[in-house]
Amino acid sequence: MTPSQAPTSRPAPRIAIVDDDEALRDSLAWLLDSVGLATRAFPGGDAFLADAPDGFDAVLLDVRMPGLSGLQVQQRLNERGDSAPVIFMTGHGDVPMAVAALKAGAFDFIEKPFNHQQLIDVVQQALAEHQSLREAATRLEALQARYAALRPKERRILVHVAEGMTSREIAEHLDISAKTVEIYRLRAMKALGANNLAELVRFCVALGLVEALPD
């Protein structure tokens, strides 16, 4: 295999550690670095927010800090639309604050002092979920682009198919032949990458064209 053919390795996930306790920051950085994660530590929320936080894949955030609290930092991240999962580190008396953080979208919280393996497990779970959400967002963007490239009549037919109308019903509704409906439907399904009717319906639900059936 030539160098140009060699697979490129993905960069290690970047974890921000935001805590005013220097000893804890150093300990967490060493721990996470030891399992192949890249870390950067910050002594407080202001320093973290000033350092382009959207460049991180997860955030370990202390609840109580001088200056901005962890909840305030989380609020700023939410206002910016940052999607990196936030894991709060709390003292025993901070659990009610941590619950409030969860309601505001935090991934999880762990109480100090915490077990090293527990911390690693929570971080890995957050990273896996974040990666899954990013991949889903990428797939949706690609699907939206393919849908936008369809002809107006192809779009209408797809919606009617997803709503459960037959080709004959669609033909009568649009005043075209059933054969024309089938041609448009098959062409649109191919353009979207739908291999069957069930997949087409799922795509239409994902695009917000029809509502999902209740469970």
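Check the entry above for the structure.
All residue numbers here refer to positions counted from 1 along the written sequence of the relevant chain. At least 70 in pLDDT is required for a residue's local features to be given in this predicted model, at least 80 for side-chain atom pairs to be given and counted, and no such filter applies to totals for whole chains, interfaces and linings, which use all residues. Where side-chain values are given, they derive from all heavy atoms of the structure, hydrogens and water being excluded.

1. Considerations on the side chain of Ser167
Logical step 1: Secondary structure counts use DSSP, requiring at least four H or I residues in a row for a helix and at least two E residues in a row for a strand, with both numbered from the N terminus. Examined against the element boundaries, Ser167 turns out to sit in helix 7 (residues 167–174).
Logical step 2: Residues adjacent in sequence count toward polar contacts only when both atoms are side-chain atoms; beyond that, a polar contact is any pair of N or O atoms within 3.5 Å, and within protein one must be able to donate a hydrogen and the other to accept it. A polar contact is formed between the side chain of Ser167 and the side chain of Glu182, at a distance of 2.3 Å.
Logical step 3: Contacts are assigned to residue pairs that have any heavy atoms within 4.5 Å of one another. Those residues in contact with Ser167 that sit more than four places away from it in its chain are Ala178, Val181 and Glu182.

2. Things to note about the environment of Glu111
Logical step 1: By secondary structure assignment, the location of Glu111 is in strand 5 (residues 108–111).
Logical step 2: Under the scheme applied here, a residue whose accessible area is under 20% of the maximum for its type counts as buried, over 50% as exposed, and between as partly exposed, the area being computed with a 1.4 Å probe on protein chains only. Taking the relative accessible area as the measure of exposure, Glu111 reaches 33% and is therefore partly exposed.
Logical step 3: Along the primary structure Glu111 and Val181 are separated by 70 residues, whereas in three dimensions their C-alpha atoms are 60 Å apart.

3. Remarks on the packing of aromatic side chains
Logical step 1: Think of it this way: a Phe, Tyr or Trp ring, Trp meaning its six-membered ring, pairs with another when their centres are within 6.5 Å, and the plane angle makes it stacked under 30 degrees, edge-to-face over 60, tilted otherwise. This structure, assessed with the given rule, holds 3 aromatic pairs.
Logical step 2: Ring centres of Phe42 and Phe48 lie 5.5 Å apart, and the angle between their planes is 65°; this geometry places the pair in the edge-to-face category.
Logical step 3: With relative accessibility at 4%, the residue Phe42 sits in the buried group.
Logical step 4: Ring plane angle 45° and centroid distance 6.0 Å describe the contact between Phe48 and Phe56, whose orientation is recorded as tilted.
Logical step 5: Its relative accessible area of 0% is what places Phe48 among the buried residues.
Logical step 6: Over the aromatic face of Tyr147 sits the side chain of Arg155, whose NZ or CZ is 5.4 Å from the ring centroid. Charge-over-ring placement is defined geometrically: NZ (Lys) or CZ (Arg) within 6 Å of the ring centre, and within 35 degrees of the ring normal.

4. What about the pairing of strand 4 (residues 86–90)?
Logical step 1: For strand 4, the tally of buried residues reaches 5 of 5 residues, placing the bulk of the element in the interior.
Logical step 2: The alternating pattern of strand 4 places Val86, Phe88 and Thr90 and Ile87 and Met89 on opposite faces, both of which are buried.
Logical step 3: When DSSP finds two or more bridges between two strands, those strands count as paired. Pairing geometry for strand 3 (residues 58–62) and strand 4, over 4 bridges, is parallel. Opposite Asp62, over in strand 4, you have Met89 as the bridge partner.
Logical step 4: We call a crossover right-handed when, viewed with the strands running away from us, the connection from the first strand over the helix to the second turns clockwise. Following the chain from strand 3 across helix 3 (residues 70–80) to the adjacent parallel strand 4, one finds a crossover that is right-handed.
Logical step 5: When strand 4 meets strand 5, the two strands line up parallel, connected through 4 bridges. Bridging from a neighbouring strand, Phe88 pairs with Phe109 of strand 5.

Geometry only, nothing functional implied.
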